[in-house]
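Close look at the chain arrangement
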Amino acid sequence: MKKLEKFENLVESLSTLPSVGRKSALRFAYHLVLHDNFNAMKIASAIENAVRSIRRCSKCGGLSEHEICEICLDEQRDNSKLCIVENAKDILVLEENKLYDGVYFVLNDLEEGSISKLKEIVNSGVEEVIFALTPSLANDGVILFVEDKLKEFKLKFTKIAQGVPTGVNLENVDFLSLSKALSDRVKV
Ligand SMILES: [Zn+2]
């Protein structure tokens, strides 16, 4: 007979989360099951609801509870500025800090499908394309590639300034560096 099979199952599930090792997983599981089971049920249901209802916006690729996300639908946003990010979660970081009032596009890959979606957005009145990518040589290549793909449009291309250290993901950049990087963006 397996001992505490269900508890062990919870520990194993928790330890699959990013930056949660077995020791933390054990601590969380113990806390949830023994000390705070009301909250534990709340967390379980919040996870289930979020997983069921969150999808990608069909326009920008950001997280959304609807076909088109609230940012894309928001008429107060400045549609002449388009910020290109690597991951949907980068949008959350930038939105959390309220640094930016334009629109976004998540560049998942450089396939024709993504590029034509990007062109469609650019074609609807974008004047400046801001690359908010993790600074790296590979991403400098991505910037050149995208710029070339968009050369038929009259655009200003900028990227976030070097306040963001090379190779550091946006979510790990502190608020001040990020806001400086965004306001001091440089021409590419
Ligand atoms: Zn959207």
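In case you missed it, the structure is sitting above this.
Please read these numbers as outputs of a predicted model, since none were measured by experiment.

Turning our eyes to something else, we now look at the overall build of the protein chain. A count of helical and extended segments in the protein chain gives eight helices and seven strands. Its C-alpha atoms give the protein chain a radius of gyration of 20 Å, clearly above 16 Å, the size a compact globule of 188 residues would have. Dimensions of the protein chain along its principal axes, counting C-alpha atoms only, are 70 × 35 × 30 Å. A buried classification covers 36% of the 188 residues belonging to the protein chain. With an accessible surface of roughly 12000 Å², the protein chain has 54% of that area assigned to carbon and sulfur atoms. Averaging the positions of the 25 positive and the 29 negative side-chain charges in the protein chain gives two centres separated by 4 Å.

So, on to the nonpolar core. Residues Cys83, Val85, Leu94, Tyr104 and Ala132 are the most contacted members of the largest nonpolar core, which totals 22 residues. Taken together, the elements giving at least two residues each to this core come down to helix H4 (70–73), strand E3 (78–85), helix H5 (88–96), strand E4 (102–106) and helix H8 (175–183). In terms of residue count, the dominant contributor to this core is H5 (four residues). Counting residues in each nonpolar core, the second largest holds 19 residues, with Leu82, Phe105, Phe131 and Leu150 among its members.

Among the surface-exposed residues, Tyr30, Val33 and Leu34 lie close enough to one another that they form a single nonpolar patch of about 290 Å² accessible area. Along the chain, Leu34 falls in helix H2 (residues 22–35). Among the residues examined, Leu34 registers a relative accessible area of 51% and is labelled exposed.

Tetrahedral metal sites with four donors have an ideal angle of 109.5 degrees; octahedral sites with six donors have ideal angles of 90 or 180 degrees. Each protein donor to the zinc ion is listed here as Cys57 (SG), Cys60 (SG), Cys69 (SG) and Cys72 (SG); together their distances run 2.3 Å. Here the zinc ion is ringed by four donor atoms whose angles at the metal span 106 to 115°, and the overall shape comes out tetrahedral. Read from N- to C-terminus, the donor residues coordinating the zinc ion fall into the pattern C-x2-C-x8-C-x2-C. Pair noted here: Cys57 is in the loop between strand E1 (55–56) and strand E2 (63–64) and Cys72 is in helix H4, with a separation of 15 residues, a long-range link.

With that out of the way, let us pick up the sheet that holds E3. One open sheet holds the five strands; their spatial order is E4-E3-E5-E6-E7, and the pairing between them is mixed. Either end of the sheet is taken by a strand with one partner, and the two such strands are E4 and strand E7 (186–187). Here E3 pairs with E4 via five bridges, running parallel. If you follow Val85 over to E4, its bridge partner there is Val106. Here helix H7 (residues 137–149) sits on the sheet in contact with E3, strand E5 (128–131) and strand E6 (156–159), set at roughly 170° to E6.

Cut-off values and rules
- Residues numbered from 1 in each chain as written.
- Predicted model: local features only at pLDDT ≥ 70, side-chain atom pairs only at ≥ 80, totals over all residues.
- Heavy atoms only, no water.
- Helix = DSSP H or I, 4+ residues; strand = E, 2+ residues; numbered from the N terminus.
- Rg over C-alpha atoms; globule rule 2.2 N^0.38 Å.
- Buried < 20%, exposed > 50% of the residue type's maximum accessible area, 1.4 Å probe, protein only.
- Areas by Shrake-Rupley, 256 points an atom, 1.4 Å probe, with all protein chains shown as cover.
- Lys, Arg positive; Asp, Glu negative; His and termini not counted.
- Charge placed at Lys NZ, Arg CZ, Asp CG, Glu CD.
- Core = buried A, V, L, I, M, F, W, Y, C linked by side-chain atoms within 4.5 Å.
- Patch = residues over 30% accessible without salt bridge, like charges linked within 9 Å, V, L, I, M, F, W, Y side chains within 5 Å.
- Salt bridge = Lys/Arg side-chain N within 4 Å of Asp/Glu carboxyl O.
- Donors = N, O, S within 2.8 Å, 3.2 Å for Na, K, Ca; no water.
- Tetrahedral: all angles 85-135°; square planar, octahedral: opposite > 155°, others 65-115°.
- Pairing = 2+ DSSP bridges.
- Contact = heavy atoms within 4.5 Å.
- Axes fitted to C-alpha atoms, helices over the stretch in contact; angles between N-to-C directions.

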